[in-house]
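In case you want the letters, here they are:
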Amino acid sequence: MTRILVIILSVIALAACSRSLDDRLVRVNRLANENLADSAMQALDSIDRASLDEYNRHYYDLMTVKTCDKADFQFDSDSLVLSAMEYFKKNGTDTVRAEAFYYAGRVARMLGDSPQALDYMQNALNCLDDSHTRLKGKISSQMGQIFQELYMFEQAKPRFIEAIHFQNLCNDSLGLMFNYRDLGETYKFLQLNDSAIHYIKTSLNIAICQNYSLIDVIESRIILIDCYLEKSEYELARTEFSNIEQYLEDDNICNSVLATGINMYLLDRDFNNAEKLSLRLIQRGNLYGNKIGYRVLANIREMQNQIDEQTKQDRYDCLMQTQLTVTEEKNAENVGKTLIVLCDGFDTVAEVYFGRSYADAPDVDGKVYFTSKRKINPGAFVEVKVTE
């Protein structure tokens, strides 16, 4: 009996030893968490993967994916991260398992598989209790961004609110800045501009107080200007623009500032200032500046010499008829194909579900109507074969 007990304890001890992290990989993880991607990559390169035990080899792979992600590397395959994820599903601690799911989600998002990315992210959240506030905040933020990319703003909103909750708990001011801004943009897309302005201002105040990068400050101010323009509050927009106008000589952000100013002056029908900024954009001598600048100058001339309403209507009707023909041709190309469709709801009159494929923007493109023997909830992705 004593011998059996000793053997069992020995096996447990060996298992514990085999799953202890190599100190060098712990250092790699710390460097990656501090956003020191180059240093983390150098530390990884100094480790001979083949000399590690199984647990640490998979952790080495996970750290490779994490470090590449921190370095903004664009993945073209998910094989490495999925191998690590499958291993840690059975062998990792809650934190390691969550990180494996999280980075599998990050890679899936880069590869354009949003439904799979959301599934991995949700699995990552399910691995963690509320003590892991920083990681849970990061995961919720990613899910909000994915929903935003899918134009699912109602689903994005609670994710950003959840991320803000966790980031407040761990005093993650940088995360708070980004998520308040993302939440503000979500409200802007939902045309709730008062709420959008509130959260964008909160993000802006954090960026200023924490002395974050100038680009972060400018981006928040530009979104704020757009919100004021949506409400036709041109004086407030002009006041906000005066805070960024001084950066017109900064090559990194000049185009964005000029484009924002041009749009503001056009909406306010201040054609003189819109023309001045358009000429400055053209003078920058790049393709973007020329394209936008000359187009705006043409629009200014047209706006200053408006044609009669009947001609406008005739041109509109002609354009819409042409667009309808193009749309019908494009739709015909999908007949016989199976599309991934995001369900938006159920039409009780026609008794069919309706949704949109990846190529359909809400309130702009058409809808995909389909039937199903099982109940489909709004927000679910389904495979639909196009018959007509």
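Here, the structure is the one placed above.
Okay, so let's go over this structure. No experiment lies behind these values; they were computed from the predicted model shown.

About the criteria used
- Residues numbered from 1 in each chain as written.
- Predicted model: local features only at pLDDT ≥ 70, side-chain atom pairs only at ≥ 80, totals over all residues.
- Heavy atoms only, no water.
- Pairing = 2+ DSSP bridges.
- Helix = DSSP H or I, 4+ residues; strand = E, 2+ residues; numbered from the N terminus.
- Axes fitted to C-alpha atoms, helices over the stretch in contact; angles between N-to-C directions.
- Polar contact = N/O pair within 3.5 Å; in protein donor to acceptor, adjacent residues only side chain to side chain.
- Buried < 20%, exposed > 50% of the residue type's maximum accessible area, 1.4 Å probe, protein only.
- Core = buried A, V, L, I, M, F, W, Y, C linked by side-chain atoms within 4.5 Å.
- Contact = heavy atoms within 4.5 Å.
- Expected span 1.5 Å × (residues − 1).
- Arc of directions from axis to C-beta.

### Notes on the sheet that holds strand β3 (residues 368-370)
- Pairing is antiparallel in the open sheet, where four strands are placed in the order β3-β2-β1-β4. The outermost strands of the open sheet, each flanked by one partner alone, are β3 and β4 (381-385). The mean inter-strand angle of the sheet, taken between neighbouring strand axes irrespective of direction, is 50 degrees.
- Strand direction decides the pairing type here: strand β1 (residues 338-347) and strand β2 (residues 352-357), joined by six bridges, are antiparallel. What sits directly across from D347, in β2, is V352.

### Structural notes on the side chain of N56
- Inspection of the secondary structure assignment puts N56 in helix α4 (residues 54-70).
- Within polar-contact distance, the side chain of N56 engages the backbone nitrogen of D22 at 2.8 Å.

### What to know about unusual backbone geometry
- Look at D72: it is not a glycine, yet its phi comes out positive at around 60 degrees.
- In this structure, D72 sits in the loop between α4 and α5 (79-91).
- Among the residues examined, D72 registers a relative accessible area of 61% and is labelled exposed.
- In this structure, E351 is a non-glycine residue whose phi angle is positive, near 60 degrees.
- With respect to the secondary-structure elements, E351 resides in the loop between β1 and β2.

### Quick notes on the nonpolar core
- Core analysis: the largest hydrophobic core is formed by 88 residues, its most contacted members being L62, F88, I139 and F241.
- Apart from residues lying up to four places away in sequence, F88 is in contact with Y55, H58, Y59, L62, V96, R97 and A100.
- Judged by nonpolar contacts, the second largest core, of ten residues, contains L339, V368, V384 and V386.

### A few points about helix α15 (residues 271-283)
- Over its 13 residues, α15 runs 18 Å from end to end, which matches the ideal 18 Å to within 8%, given 1.5 Å per residue.
- Buried residues of α15: F271, A274, L277, S278, L281 and I282, and no others. The buried residues of α15 occupy an angular sector of 145 degrees when projected down its axis, which confines them to one face. Residues of α15 that are exposed and point more than 90 degrees away from the buried face comprise N272, K276 and Q283.

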